[in-house]
Amino acid sequence: MRQQDMERNIVIIGNGVAGITAARFIRKNSYDRITVISSESDHFFSRTALMYIYMGHMTYQDTKPYEDWFWTKNRIDLIRDRVVAVDTDARRLEMGSGKPVSYDVLIIASGSQSNKFGWPGQDLRGVQGLYSLEDLEEMERQTVDISRAVVVGGGLIGIEMAEMLHSRHIPVTFLVRERSYMDYLLPAEESAIVDAEIRAHQIDLRLSTELAEITGNDAGHVNGVMTNHGERIECGFVGLTSGVRPNVGFLKGSAIELDRGVLVNDRFQTSADDVYAIGDCAQFIDPTVAHRPIEQLWYTARKHGKTVARTICGSPTRYERGAFFNSAKFFTLEYQTYGDIRSDLPDTQETLLWHNRSGRRLVRINFDSESRRVVGFNAFGVRLRHEVCEKWLLEGAVVDRVLPQLSLADFDPECAEWRLASAAAAINYSG
């Protein structure tokens, strides 16, 4: 049999990190034809870098990890179009352009879209979320010569949008429903650090405050918001950043089973033959497979892509996420979290906490009370080595062993010794 007779037609919907990782690893291990479809952009770019384009630190070209010739050289075809429906019986995609695309194997990596909760005025001009390149371009147009912006939603995208607007000297009011920033996720000490960081950058942070209504002028453009406390705030732009949801609307009516996302097993197989789903749009049927049924993180998207590529290339592989990890930057404050750190400490766990006098550096270690195995780390203003923390968590290292070796995890070589040694001493003392 000739090589071309063995080739399958593998189509990937979405050119984000999950879809592109799958394409790269399938190419490394097969001669299959690969086609990536995206309505958002011609080429893969770093979505997490969008904010730096707006802030003037990068250009769009800087956010592309691969040169434009990479795709032709690696025989990965790119289609700029929008999928409007999937016919799994005919193995065909219906496209916005009217030109259908056939497949032998389909990978759905269609990502997320911003949440809207039916607020009055949410469809006015100057009201938007921030997820896609189109969102960024719209934000560029809508924030010219405005005197104030309001950002709604106390998650990571909200604080990023506040920082973006602040970088252009636009006064920002930040409405956060919770009593402290991300207190549903962060312990009280960490949440308080972020509150202080936001206010230190002159952001008008309104805690325990919700959006009630967005108002507009006769031209259909936003001119203010009303809060749940009855206060009116004049503004020319409203950022809605109350989370995202899987982008799966185009799959409704298909034979692919959906819940909030595309339902998959631990090999990312959907209910339809030879159809897989990965990244933000995938939802595990068994919620114990991952930290959450829907994982919307950059590093897990890469793991999804690698895992599904192995399965498609003939080595069926179950997904193993490893130790949970996430990182973020709140203005000038770096944050890392590993393993199981909850906002409220479970009765079965104990915590050791160190922070410096300025309150801008913090290390937390949680461990199981009975076994003394470390279950998680939080770090603010201190960068920890991923491989060291992950190794301790996966091998079940006990806290009595981790503490004396804590400097091994410090990522910053210029001040590693004293800083984490001090942290260990303080933690030992307080513990």
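Residues numbered from 1 in each chain as written. Predicted model: local features only at pLDDT ≥ 70, side-chain atom pairs only at ≥ 80, totals over all residues. Heavy atoms only, no water.

Undergrad: Just to check I follow, could you spell out the sheet that holds strand β5 (residues 92-95) for this structure?
TA: Reading across from one edge, β4-β5-β6 is the order of the three strands in this open sheet, with antiparallel pairing throughout. Each of the sheet's edge strands pairs with one partner strand only, and the pair in question is β4 (83-87) and β6 (101-102). Of the pairings in the sheet, the one linking β4 to β5 comprises four bridges and is antiparallel in character. Across the sheet, the residue bridging to Val 86 is Leu 93, located in β5. (Pairing = 2+ DSSP bridges. Helix = DSSP H or I, 4+ residues; strand = E, 2+ residues; numbered from the N terminus.)

Undergrad: Would you mind showing me how to read the packing of aromatic side chains here?
TA: Evaluated as defined, the whole model comprises 17 aromatic pairs. Pairing Tyr 299 with Phe 325 gives two aromatic rings, centres 5.8 Å apart and planes at 65 degrees, and the pair type is edge-to-face. Taken together, the positions of Tyr 299 in helix α8 (residues 298-312) and Phe 325 in strand β21 (residues 325-330) put the pair 26 residues apart, joining distant regions of the chain. On the basis of relative accessibility, which here comes to 14%, the residue Tyr 299 falls in the buried class. (Phe/Tyr/Trp six-rings, centres within 6.5 Å; stacked < 30°, edge-to-face > 60°. Buried < 20%, exposed > 50% of the residue type's maximum accessible area, 1.4 Å probe, protein only.)

Undergrad: Can you help me understand the packing of helix α2 (residues 17-29) against α8 in this one?
TA: How two helices sit against one another is set out by the angle between their axes and by the gap between those axes. For the pair α2 and α8, interaxial distance at closest approach is 7 Å and the crossing angle is 35 degrees. For the pair α2 and α8, the crossing hand works out as right-handed. Across from Val 17, Ala 18, Thr 21, Ala 22, Phe 25 and Ile 26 in α2, the residues of α8 making contact are Trp 298, Ala 301, Arg 302, Gly 305, Lys 306, Val 308, Ala 309 and Ile 312. Of the residues contributing to the contact of α2 with α8, the split by class is 10 nonpolar, two polar and two charged. (Axes fitted to C-alpha atoms, helices over the stretch in contact; angles between N-to-C directions. Left-handed = near helix turned anticlockwise from the far one by under 90°. Contact = heavy atoms within 4.5 Å. Nonpolar A, V, L, I, M, F, W, Y, C, P; charged D, E, K, R; others polar.)

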